[in-house]
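So you can see what is in the structure, the chains are spelled out below.
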Amino acid sequence: DAMVIQNPRYQVTQFGKPVTLSCSQTLNHNVMYWYQQKSSQAPKLLFHYYDKDFNNEADTPDNFQSRRPNTSFCFLDIRSPGLGDAAMYLCATSRDGNSPLHFGNGTRLTVT
Amino acid sequence: GENVEQHPSTLSVQEGDSAVIKCTYSDSASNYFPWYKQELGKRPQLIIDIRSNVGEKKDQRIAVTLNKTAKHFSLHITETQPEDSAVYFCAALRGAAGNKLTFGGGTRVLVKP
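The following refers to the structure shown. Please read all numbers here as calculations on a predicted model, not as lab measurements.

Moving on to the interface of chain A and chain B. With 24 residues of chain A at the contact, the number on the chain B side is 21 residues. Taking both sides of the interface into account, the surface hidden between chain A and chain B amounts to around 1700 Å²; carbon and sulfur atoms contribute 49%. When the area that chain A buries against chain B is broken down by residue, the three leading residues are Asn98, Pro100 and Phe103 of chain A, summing to 28%. Secondary-structure elements contributing two or more residues to the side of chain A that touches chain B are β4 (31-37), β5 (44-50) and β9 (87-94) of chain A. Within the side of chain A that touches chain B, the residues separate by chemical class into 11 nonpolar, nine polar and four charged.

Right under this line is the structure:
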């Protein structure tokens, strides 16, 4: 049931080299989220879109940006990845923000 | 903002025994409380959820209880099996003002055969 699809599953980038992670959904959900999850920790919300309205978490570094060009797609841009940005990045959707979240399989980012 | 505390951080049980994980939340406006199971290298999977107008919900071997007054909720797994071994996360959602889901710190459950 691959209704939230993240590409690629594994991404390797160099220190300081911009990287983009993508997420698409076939659920037509209004809300899309990006979470960062480091080993053995809880997912940490970076930001989310309610339709076109962008909501940034106060502690999300400026290095992280997001774009949602249409309902189906959402992108996470890391402008200058550092070693500390190596993590699993999870995209999730919700019909209206008050409903269960549907997670993608995640993209595991390695920074060399 | 919302703060969700989860205990214990690790839990080891014998196959067939019960496992209980407890969470507390700080924001009385939170009204939706899901539980996720995450196996190594995989995405979190919703296993059960409860809304604030319900005190208890059960699905086969899994049950969740909610005490709104005390602001805590618990996951109960009965007759544990080795495949229940995973990390479990509780979460709390404010339905308004940002629609943010806040996770607890997670509980690593190991079911010993």
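Turning our eyes to something else, we now look at the layout of surface pockets. Computed from the structure, the largest pocket encloses a volume of approximately 510 Å³. In terms of lining residues, the largest pocket is bounded by 25 residues, among which Ser40 of chain A together with Gln38, Leu40, Val87 and Arg108 of chain B are the most central. Of all the secondary-structure elements, those providing two or more residues to the lining of the largest pocket are β9 of chain A together with β9 (86-94) and β11 (107-112) of chain B. Per-element accounting of the lining of the largest pocket gives the leading share, four residues, to β11 of chain B. For the lining of the largest pocket, the per-class residue count stands at eight nonpolar, 12 polar and five charged.

Under the criterion given, the structure shown has two disulfides over all chains. Between the sulfur of cysteine 23 of chain A and that of cysteine 91 of chain A lies a disulfide, 2.0 Å long from S to S. Of note, the bridge from cysteine 23 of chain A to cysteine 91 of chain A carries an S-S torsion of about -70 degrees and is left-handed in sense. Pair noted here: cysteine 23 of chain A is in strand β3 (residues 19-25) and cysteine 91 of chain A is in strand β9, with a separation of 68 residues, a long-range link. Of the two residues examined, cysteine 23 of chain A and cysteine 91 of chain A, each falls in the buried class. A sulfur-sulfur distance of 2.0 Å marks the disulfide that ties cysteine 23 of chain B to cysteine 90 of chain B. Across the S-S bond of cysteine 23 of chain B and cysteine 90 of chain B the torsion is about -100 degrees, and the bridge reads as left-handed. A residue pair is termed long-range when its members are at least 10 positions apart, and cysteine 23 of chain B in strand β3 (residues 19-25) and cysteine 90 of chain B in strand β9 qualify at 67 residues. Neither residue differs from the other here; cysteine 23 of chain B and cysteine 90 of chain B are each classed as buried. Looking at cysteine 74 of chain A, it has no disulfide partner, and the nearest cysteine sulfur is the one in cysteine 91 of chain A, 6.0 Å off.

Definitions and cut-offs
Residues numbered from 1 in each chain as written. Chains lettered and ligands numbered in written order. Predicted model: local features only at pLDDT ≥ 70, side-chain atom pairs only at ≥ 80, totals over all residues. Heavy atoms only, no water. Contact = heavy atoms within 4.5 Å. Buried area = accessible area lost by both parts, 1.4 Å probe. Helix = DSSP H or I, 4+ residues; strand = E, 2+ residues; numbered from the N terminus. Nonpolar A, V, L, I, M, F, W, Y, C, P; charged D, E, K, R; others polar. 1 Å grid on protein atoms, 1.4 Å probe; cavity = no way out; pocket = protein on both sides within 12 Å on 5 of 7 lines; lining within 4 Å. Points joined across faces, edges and corners; volume = space filled by probe spheres on them. Disulfide = S-S within 2.5 Å. Buried < 20%, exposed > 50% of the residue type's maximum accessible area, 1.4 Å probe, protein only.

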